[in-house]
Protein chains: 2
Amino acid sequence: MPIAASAFRPVKLEHASRLINHGPTVLVTSAAGARRNVMAAAWSMPVEFTPPRIAVVIDKHTFTRELVLASGAFGISLPGTTLIDLTWAVGGASGRDVDKLARHGLVTVAGPVLGVPLLEAGCAAWLECRLIREPHAEDAYDTCFAEVVAAAADPRVFADGHWSFRDDNVGLQTIHHLGGGHFVHAGAVARANPA
Amino acid sequence: MPIAASAFRPVKLEHASRLINHGPTVLVTSAAGARRNVMAAAWSMPVEFTPPRIAVVIDKHTFTRELVLASGAFGISLPGTTLIDLTWAVGGASGRDVDKLARHGLVTVAGPVLGVPLLEAGCAAWLECRLIREPHAEDAYDTCFAEVVAAAADPRVFADGHWSFRDDNVGLQTIHHLGGGHFVHAGAVARANPA
């Protein structure tokens, strides 16, 4: 059964880093004027808790980079295990040639601050991001820095600032790309004990 | 039973990005003169396949940052699930006050190119890294860029350029920090099917 968009709940900005702290593969959404796109990105990380800032690698030759520079914003959505095939598919085609959102029947919601297109169905969470222009890092390392201006998550898997991976929410568990279309998902949880 | 250091085998540099592609929490090792340290870092990512380059967030107030700037190098080791408590412990104490490697009985091997201390026992892999000085990114985002100059892995969990997570190597599976000492490990594998 599709997951209703209304299932999402706001995540406090001071908890936003936790959404990608464990290294999930993400979908990067972007739009400028009538053009829009979605790409997969395995390479992202938080860089600051407060204000919440992240870094994500967006190759300078991609259509996404063009839209991000034009709009100064992008979305990060976290696909769950039911979107593994989709994630792999959107990582292997360019949005210059086809509207990948339309091709895959993806419905977006508008981010509350910047209006960035964001994905909810099948996703665990999203982060709406404002690009921080850093031309040198963008050019030399394809690394785009951004401030997270809003975040939300499906409370069945992330609530009150914490992930909860359980047998009953495998479909919403984050996926982590090993390479070549192989992913692990965040199912097996362990807790550190104080030394 | 402790894992013998000799179990490690070289990883081709073109496969180095795959070691951290899926977002594991890592241990950052460093040394300058007689001083040395180990810290935990959840925030790292590849930024380039060839030459293999990575980014890792090392707070400017840490002892590790001081040693990395002094030596121009650091090591990234990937703790397995048996080192969850250790990873949490070294993330919560400063190396200025105590030699954390000695306190926790950690034995290091010297990186083949730069002589950086690296961890093998209980770890899945390591990457020996040469810092690429980027003062602005280091200052504004605590983000340190580096080139990977050598890499190696335990062939029981990473061989021929690929991860293999199985029931018989749970102890070597990478760990991914959710926050607050909660980790997931890379156990449940799924493969994308072409669209």
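See the structure above.
Below, the structure is looked at part by part. (Residues numbered from 1 in each chain as written. Chains lettered and ligands numbered in written order. Predicted model: local features only at pLDDT ≥ 70, side-chain atom pairs only at ≥ 80, totals over all residues. Heavy atoms only, no water.)

**Re helix H2 (residues 63-71) of chain A**
Residues and elements named next belong to chain A.
Next, step 1: All of the buried residues along H2 are Phe-63, Thr-64, Arg-65, Leu-67 and Val-68.
Next, step 2: On its buried face, H2 sits against strand S2 (26-32), strand S3 (35-41), strand S6 (73-79), strand S9 (123-132), helix H5 (135-141) and strand S10 (143-153).
Next, step 3: Phi turns positive one or two residues past the end of H2, at Gly-72, with a value near 70°. (Buried < 20%, exposed > 50% of the residue type's maximum accessible area, 1.4 Å probe, protein only. Helix = DSSP H or I, 4+ residues; strand = E, 2+ residues; numbered from the N terminus. Contact = heavy atoms within 4.5 Å.)

**Side note on the interface of chain B and chain A**
Next, step 1: Facing the 48 residues of chain B at the interface are 48 residues of chain A.
Next, step 2: With both sides pooled, the region where chain B packs onto chain A buries about 4,200 Å², and carbon together with sulfur makes up 61% of that total.
Next, step 3: Of all residues in chain B, the largest losses of buried area upon contact with chain A belong to B:Trp43, B:Tyr141 and B:Leu178, amounting jointly to 19% of the total for that side.
Next, step 4: Where chain B touches chain A, the interface holds zero salt bridges.
Next, step 5: In this structure, the connection of chain B to chain A is made through ten residue pairs in polar contact (both at pLDDT 80 or more).
Next, step 6: With five residues, the top contributor of residues to the side of chain B that touches chain A is strand S4 (residues 44-48) of chain B.
Next, step 7: Each residue belonging to the side of chain B that touches chain A can be placed in one class, and the counts come to 27 nonpolar, 15 polar and six charged. (Buried area = accessible area lost by both parts, 1.4 Å probe. Salt bridge = Lys/Arg side-chain N within 4 Å of Asp/Glu carboxyl O. Polar contact = N/O pair within 3.5 Å; in protein donor to acceptor, adjacent residues only side chain to side chain. Nonpolar A, V, L, I, M, F, W, Y, C, P; charged D, E, K, R; others polar.)

**Some details on the relation of the copies chain B and chain A**
Next, step 1: Mapping chain B onto chain A calls for a rotation angle of 180° and an axial translation of 0.0 Å; the resulting RMSD is 0.0 Å. Interpreted geometrically, this transformation is the action of a two-fold axis. Rotation axis and chain B: the residue whose C-alpha lies nearest the axis is B:Gly23, separated from it by 1.8 Å.
Next, step 2: A share of 100% of the interface residues of chain B reappears at the interface of chain A, consistent with the copies meeting face to face through the same patch. (Least-squares fit on C-alpha atoms with pLDDT ≥ 70 in both.)

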